[in-house]
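For reference, the chains in residue letters:
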Amino acid sequence: MTVIEEVSGLVAVVTGGASGIGKGIAQRLAERGAQVVIADIEEDPLQATAKEIGAVGIRTDVTDAASVLALAGQVVERFGKVHLVFNNAGVAPESRIADMTLDDWKWILDVNLAGVIHGVHAFLPLLKRHGEPAYLVNTSSMGGFVADMPGLGAYATTKFAIMGLTEALAHELEREDSNVGAAVLAPGTVRSGIARSLRTRPAGAANSAFVQNDISDDPELAKLRWLDPVEVGDVVLAGLARGETHIVTHPEWYPMVAERAAAIEAAFRRGAAVREENSDGN
């Protein structure tokens, strides 16, 4: 099990690092002495955040594998190695699945899922190469555990996929006794800019079903515990110090996960009962 208790002097890369959860993670890393590179598609916010927190900003489009490979190359050229990678960039537009266009699907899959895949592909070999303790953290969501989120079915689809990818990778790394650990971050309600993520969609998307509602206006969501991004950074670093593979920010939301698990368990029991009945009939 890989454990990283001290990040001072380590090289860290955070995608989606100009705002929100990415910025919160990057800020905490920088404050604890890590050499931080933040990547984002928005150049001006990227450079402003880099200056604010003392990081290096490299514009990156996570939907483009070549762009992420270029990011990895620049990090190694500048620092020689990399120890921590946070594949965090993501979007959360809203739509019913039935209303979505294929272009809508392509965009959200390219950002949320392909962006993580590109990060794993580009950085995992670099994390393994030096043999020192290293970690790769992929941002999923509570929507990666529970899909009953009105308007966010496509978002949940991507976040479930990230959960599966990261769990599979963690098992592979453990079996090979790798120096690299893998964890999935599953945040709940966080004060971030993801509610404005349509601003990053390339122009020209015709007939899109996606909308972006201000979730702060939802009275039910307002009752929930909201975290500042730097608090998520604290949770993440504590998770790495414990060698976690699942890092959650809102443990009080577990009953939703338990309800889903109970429904799945009940389905297996019904399947077992049907099998037993058919066996008795034979």
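What counts, and where the lines are drawn
- Residues numbered from 1 in each chain as written.
- Predicted model: local features only at pLDDT ≥ 70, side-chain atom pairs only at ≥ 80, totals over all residues.
- Heavy atoms only, no water.
- Helix = DSSP H or I, 4+ residues; strand = E, 2+ residues; numbered from the N terminus.
- Core = buried A, V, L, I, M, F, W, Y, C linked by side-chain atoms within 4.5 Å.
- Buried < 20%, exposed > 50% of the residue type's maximum accessible area, 1.4 Å probe, protein only.
- Contact = heavy atoms within 4.5 Å.
- Pairing = 2+ DSSP bridges.
- Axes fitted to C-alpha atoms, helices over the stretch in contact; angles between N-to-C directions.
- Expected span 1.5 Å × (residues − 1).
- Salt bridge = Lys/Arg side-chain N within 4 Å of Asp/Glu carboxyl O.
- Parallel < 35°, antiparallel > 145°, perpendicular 65-115°, else oblique.
- Left-handed = near helix turned anticlockwise from the far one by under 90°.
- Nonpolar A, V, L, I, M, F, W, Y, C, P; charged D, E, K, R; others polar.
- Arc of directions from axis to C-beta.
- Polar contact = N/O pair within 3.5 Å; in protein donor to acceptor, adjacent residues only side chain to side chain.

K.L.:
Help me out: how do you make sense of unusual backbone geometry in this one?
P.N.:
At Asp 177, a position not held by glycine, the phi torsion is positive, near 55°. Looking at the secondary structure, you find Asp 177 in the loop between helix H5 (153-175) and strand S6 (180-186).

K.L.:
Just to check I follow, could you spell out the nonpolar core for this structure?
P.N.:
It is characteristic of soluble globular proteins that their nonpolar side chains tend to be buried jointly. By size, the foremost hydrophobic cluster in this structure holds 38 residues, and its most contacted members are Leu 71, Val 82 and Phe 123. Elements with a contribution of two residues or more to this core: strand S1 (11-15), strand S2 (35-40), strand S3 (56-59), helix H3 (65-79), helix H4 (102-129), strand S5 (134-139), H5 and S6. Ranked by residues supplied to this core, first place goes to H4 with eight residues. In contact with Leu 71, not counting residues within four places along its chain, are Val 13, Thr 15, Val 37, Ala 39, Ile 58, Thr 60 and Phe 123. Grouped together as the second largest cluster of nonpolar side chains are 31 residues, Ala 12, Ile 25, Leu 237 and Leu 240 included.

K.L.:
How should I be thinking about the sheet that holds S1 in this particular structure?
P.N.:
By way of backbone hydrogen bonds, the strands of a sheet pair with one another, either parallel or antiparallel. A sheet is described by the order of its strands in space; here seven strands give the open sequence S3-S2-S1-S4-S5-S6-S7, paired in parallel fashion. Each having just a single partner strand, S3 and strand S7 (246-248) make up the two edges of the open sheet. Between one strand axis and the next, the sheet turns through 20° on average, direction left out of account. The sheet contact formed by S6 and S7 spans three bridges and is parallel. The partner of Val 184 across the bridge, within S7, is His 246. Sitting on the sheet, H4 touches S1, strand S4 (84-87), S5 and S6, and the angle it makes with S4 is about 175°.

K.L.:
Can you walk me through H5 in this structure?
P.N.:
Owing to its 3.6 residues per turn, the α-helix brings residues three or four apart onto one side. When the terminal C-alpha atoms of H5 are compared, their 33 Å separation across 23 residues agrees well with the 33 Å that a helix rising 1.5 Å per residue should span. Residues Gly 153, Ala 154, Tyr 155, Ala 156, Thr 158, Lys 159, Ile 162, Met 163, Thr 166, Leu 169, Ala 170 and Leu 173 constitute the buried set of H5. In this structure, the buried residues of H5 make contact with H4, S5, S6 and S7. Downstream of H5 by one or two residues, Asp 177 has phi in the positive range, about 55°.

K.L.:
How should the pattern of salt bridges be read in this particular structure?
P.N.:
Any two side chains of opposite charge can pair if their charged atoms end up close together. Inspection of every chain in the model, using the stated rule, returns 14 salt bridges. When the shortest N-O distance is used, the salt bridge between Arg 199 and Glu 42 registers 3.1 Å. Placement of Arg 199 in the loop between S6 and helix H6 (219-222) and of Glu 42 in the loop between S2 and helix H2 (43-53) is noted, with a sequence separation of 157 residues between them. Accessibility expressed as a relative area gives 37% for Arg 199, which makes it partly exposed. Notably, a salt bridge pairs Glu 252 with Arg 225, separated by 2.9 Å at the nearest N-O pair. One end of the pair, Glu 252, is in the loop between S7 and helix H8 (254-281); the other, Arg 225, is in the loop between H6 and helix H7 (229-242), and 27 residues separate them in sequence. You can call Arg 225 partly exposed: its relative accessible area is 37%. In the salt-bridge network here, residues are joined through shared partners; they are Arg 28, Glu 31, Arg 32 and Asp 234.

K.L.:
What is the right way to read the environment of Val 68 from this model?
P.N.:
Along the chain, the position of Val 68 falls in helix H3. Counting along the chain gives 53 residues from Val 68 to Thr 15, while the straight-line C-alpha distance between them is 9.5 Å.

K.L.:
Please explain the packing of helix H1 (residues 20-31) against H7 as it appears in this structure.
P.N.:
Any two packed helices are characterised by how steeply their axes cross, that is the angle between the axes, and by the distance between the axes. Put simply, H1 and H7 touch, their axes get as near as 7 Å, and they point 60° apart. On the basis of the axis angle, H1 is oblique to H7. The handedness of the crossing between H1 and H7 comes out as right-handed. Contacts from Gly 20, Ile 21, Gly 24, Ile 25, Gln 27, Arg 28 and Leu 29 in H1 reach Pro 229, Val 230, Val 232, Gly 233, Asp 234, Val 236 and Leu 237 in H7. Its residues assigned to classes, the contact of H1 with H7 comprises eight nonpolar, four polar and two charged.

K.L.:
Please clarify how H3 should be interpreted in this entry.
P.N.:
With 15 residues, H3 ought to run about 21 Å at 1.5 Å a step, and its terminal C-alpha atoms sit 21 Å apart, in line with that. By the burial criterion, the buried members of H3 are Ser 67, Val 68, Leu 71, Ala 72 and Val 75. All buried residues of H3 project into a common sector of 145° when viewed along the axis, lining one side. Tucked into the core, H3 has its buried residues touching S1, S2, S3 and H4. Where H3 begins, the side chain of Asp 64 points an oxygen toward the backbone nitrogen of Ala 66, at a separation of 3.0 Å. Taken from the residues just after H3, Gly 80 is the one with a positive phi, measuring 90°.

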